[in-house]
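Examining the three-dimensional arrangement
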Amino acid sequence: MIIGKRNLNNPFLSPRPSSCWEGEASFNGCPIRHEGSTYLFYRALSPQIHYNNVDIKLSTIGKAVSDDGVSFGKRQQFITPEYDWEKFCCEDPRITKLDGKFYIFYTAISNFPFTPRGIKVAVATTKDLNNIEKKRLVTPFNSKAMSLFPERINGKIWGILTVDTDIPPSKVCLVSFDKESDMWDERFWDKWESEISDYALPLQKRPNDQVEAGAPPIKTKKGWLILYSYIKNYFSPNPSFGIETVLLDLKDPTKILGRGKSSLLSPEEDYEVRGEVSNVVFPSGAILNKKNLELYYGAADSHCCSASYDLNKVIKDVLSPNVKPIKFERIPGGPILEPIKENSWESKAVFNPGVIKLKNKIHIIYRTTSSDETSYLGYASTVDGANIKERLNEPIYSPREDFESKKRGTGASGCEDPRLTKIGDKIYMLYTAFDGVNPPQVAMTNIEEKDFINKNWNWVKPILISPPGIDDKDACILEEKFKGQYVVYHRVGGSIDVCLVEDLDFKDRSILKNTNLIRPRKGRWDGEKVGLNIPPIKTKKGWLMIYHGVSKSDMIYRLGAVLMDLSDPTVIKSRIDYPVFEPIKEYEKKGIVPNVVFPCGGAVIKDNFYIYYGGADKVTGVAMVSLKKLLKQFK
């Protein structure tokens, strides 16, 4: 996934509750630069009003102006219903300047309740962005989201639009005109529609998905960049909105040069998740700002927002060849650790292992479950990464404090999911402490490296480091400081958080805050919640983090990969779109908790990156990938 930077002022345009015409929503803004200012044309939604003998939230088109492209003022209503063909709404403007004139295409709705045959494209023209010269109905059939290319191509006027948006499957199509009047000539459109298969861009990946044209085409040195909305599982109760890209030939726009391999944006921020229509990001406009692509989008059908992208990275992603996704592969032979019934402390499950590599040996600290549902930590080791060399018969760490001791006669409690980090001559272990009554919290202990190697389990007295009374899990300390501070990753709620701390005494437990660094991507495989798995691995490209994601539709635990910036581990550099590992084997799909793969540690031997994971909360497995090949997947 190409990581953009959302505007810190987002949402930069929001509804004004006191306004009679934009009191409900202000969204889907399309910008254009003119005489040193940025003009934004956007869809405005009124509160419920009685209009034309019906009760309706009426859409009209507003205009706002900015000197810096960030702060917009001088808001006014600009396009309102006048004719029968736009009687019940004017929506979603796209503006382009061509041949000295501005063309504002918009969705015109002629009936209520809304039906497909009453939803068409219209256009308003203006020479000064202050006065409308003429308004005309453009298409005679169901369509939306039309805009023009900003210059003639081979002497012709070119446009892009979406047909059958309300009679799916929709089609994003190209159209070319010999002269301006063709744009609103019904005879032209009748002929064009009869040959529509010749003009449709093949953007749809699956029959149940929906596509819609977004921002007006952007001219780049490599081709015409098209931003469009891609809606996965459009007919399901939880469709997934994303923003995707395609590049068209400069001289022949019907020729596709490449398609984006990853989505530019998906709903993550609160203003994208909650609104008039939840979980929506829609690419309504874009402009170039030096080397950056400035994307303007509607958020949750309520706000105008923007995000900035490195244009070269966007184009590189579009033009890069399709490559086979790189995923972790299991080591042959099945689980490397299974419960031992004779050992009561690990008789029920052995899973979710933390790992640390010391002196060419990989030490595995795994979580166990006893017959009474108490979690202990056991020890095993491997030299080659795959085959267990040693396994101890006694736990190396047991519940010892009140905050991790069972407070009920039955039910889970104890020490869970360890993550290990070597800092100086000490090994720090963060784990989840649970007493069976209070919310799980992050506990921390440490041990001298020499004691660890010699198996003298002299762990220091553990302390709680997460805020009291809050469910907090999946924590680790980064092996290096940043700006003189320790970096701690953890999870409160459904997102991965990062915090910087001066020292590791944690007298003030409130310093671990909910920062929502890495968030779920709604409607996708990691759309319900995400959490850190292994402490990030340092590579030349950045800090490699493996995380788990859970989807709302199937509740399967899959693994994803994120690259944090090497010079600033609080900044996301890149995120792979697809899951790099997921439950397939019987021991991963069936167990105490089905459909789970969950590592807490990883290690690198030469180019082999091993992860050690719990399968279905019962056994421990190991999987491996070429580190070099995995890193090449990041954009």
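Residues numbered from 1 in each chain as written. Predicted model: local features only at pLDDT ≥ 70, side-chain atom pairs only at ≥ 80, totals over all residues. Heavy atoms only, no water.

We now examine the packing of aromatic side chains. As enumerated under the stated definition, the model contains 28 aromatic pairs in all. Measuring from centroid to centroid gives 5.2 Å for W189 and W192, while their planes differ by 80°, and the two rings are edge-to-face. Of the two residues, W189 and W192 both sit in helix α1 (residues 186-194), three residues apart, roughly one turn of that helix. We classify W192 as buried; its relative accessible area is 3%. Taken together, the ring pairs in this structure connect F141, F177, F188, W189, W192 and Y199 into an aromatic cluster. Positioned over the ring face of Y397 is R400, at 3.7 Å from the centre of the ring. (Phe/Tyr/Trp six-rings, centres within 6.5 Å; stacked < 30°, edge-to-face > 60°. Helix = DSSP H or I, 4+ residues; strand = E, 2+ residues; numbered from the N terminus. Buried < 20%, exposed > 50% of the residue type's maximum accessible area, 1.4 Å probe, protein only. Lys NZ or Arg CZ within 6 Å of the ring centre and 35° of its normal.)

If you walk through the whole model with that rule in mind, you get 45 salt bridges. Among the ionic pairs, K144 bridges to D166, the shortest N-O distance being 3.7 Å. You can see K144 sitting in strand β10 (residues 143-148) and its partner D166 sitting in the loop between β11 (157-163) and β12 (171-177), a full 22 residues away along the chain. According to the relative accessible area criterion, K144 is buried, its value standing at 15%. You can call D166 partly exposed: its relative accessible area is 29%. Here the residues in one salt-bridge network are R521, R524, D526, R575 and D577, joined through shared partners. (Salt bridge = Lys/Arg side-chain N within 4 Å of Asp/Glu carboxyl O.)

Here four strands make up an open sheet; going across it, the order is β21-β40-β39-β38 and the pairing antiparallel. Each of the sheet's edge strands pairs with one partner strand only, and the pair in question is β21 (329-330) and β38 (597-605). As defined by bridge partners, strand β39 (residues 608-615) adjoins strand β40 (residues 619-626) across eight bridges and the pair is classed as antiparallel. For Y612, the partnering residue across the bridge sits in β40 and is V622. (Pairing = 2+ DSSP bridges.)

This part takes up a positive patch on the surface. A cluster of basic residues, K5, K313, K316, K540, K541, K573, K628, K629 and K632, forms a positive patch on the protein surface. The topology assignment puts K5 in strand β1 (residues 5-6). Classification of K5 by relative accessible area gives exposed; the value is 69%. (Patch = residues over 30% accessible without salt bridge, like charges linked within 9 Å, V, L, I, M, F, W, Y side chains within 5 Å. Areas by Shrake-Rupley, 256 points an atom, 1.4 Å probe, with all protein chains shown as cover. Lys, Arg positive; Asp, Glu negative; His and termini not counted. Charge placed at Lys NZ, Arg CZ, Asp CG, Glu CD.)

A cis amide bond links F112 with the next residue in sequence, P113, at an omega value of 0°. Within the fold, P113 resides in the loop between β7 (101-109) and β8 (119-126). Here P168 and P169 are connected by a cis peptide whose omega angle stands at 10°. Within the element layout of this structure, P169 appears in the loop between β11 and β12. In this structure, A145 is a non-glycine residue whose phi angle is positive, near 55°. Relative to the elements of secondary structure, A145 occurs in strand β10. Relative accessible area serves as the criterion here: at 3%, A145 is assigned to the buried category. A positive phi angle, near 50°, is found at K359, a position not held by glycine. Position of K359 relative to the elements: it lies in the loop between β22 (349-358) and β23 (361-369).

In space, the three strands of this open sheet follow the order β30-β31-β32, with antiparallel pairing throughout. The open sheet has two edge strands, β30 (472-477) and β32 (495-501), and neither has a second partner. Going across the sheet, the axis of each strand differs from the next one's by a mean of 25°, ignoring polarity. Here β30 runs beside strand β31 (residues 486-492); their pairing, made up of four bridges, is antiparallel. The partner of C476 across the bridge, within β31, is Y489. (Axes fitted to C-alpha atoms, helices over the stretch in contact; angles between N-to-C directions.)

Before going further, it helps to spend a moment on helix α3 (residues 311-319). What α3 keeps buried is the set L311, V314, I315, D317 and V318. Buried positions in α3, seen along its axis, are confined to an arc of 160° and lie on one side of it. Along α3, exposed side chains directed more than 90 degrees from the buried face belong to N312 and K316. Packed against the buried residues of α3 are β15 (224-232), β16 (240-248), β17 (256-259), β18 (281-289), β19 (292-299) and β20 (303-310). With a side-chain oxygen positioned 2.9 Å from the backbone nitrogen of N312, the residue opening α3 is D310. (Arc of directions from axis to C-beta. Contact = heavy atoms within 4.5 Å. Polar contact = N/O pair within 3.5 Å; in protein donor to acceptor, adjacent residues only side chain to side chain.)

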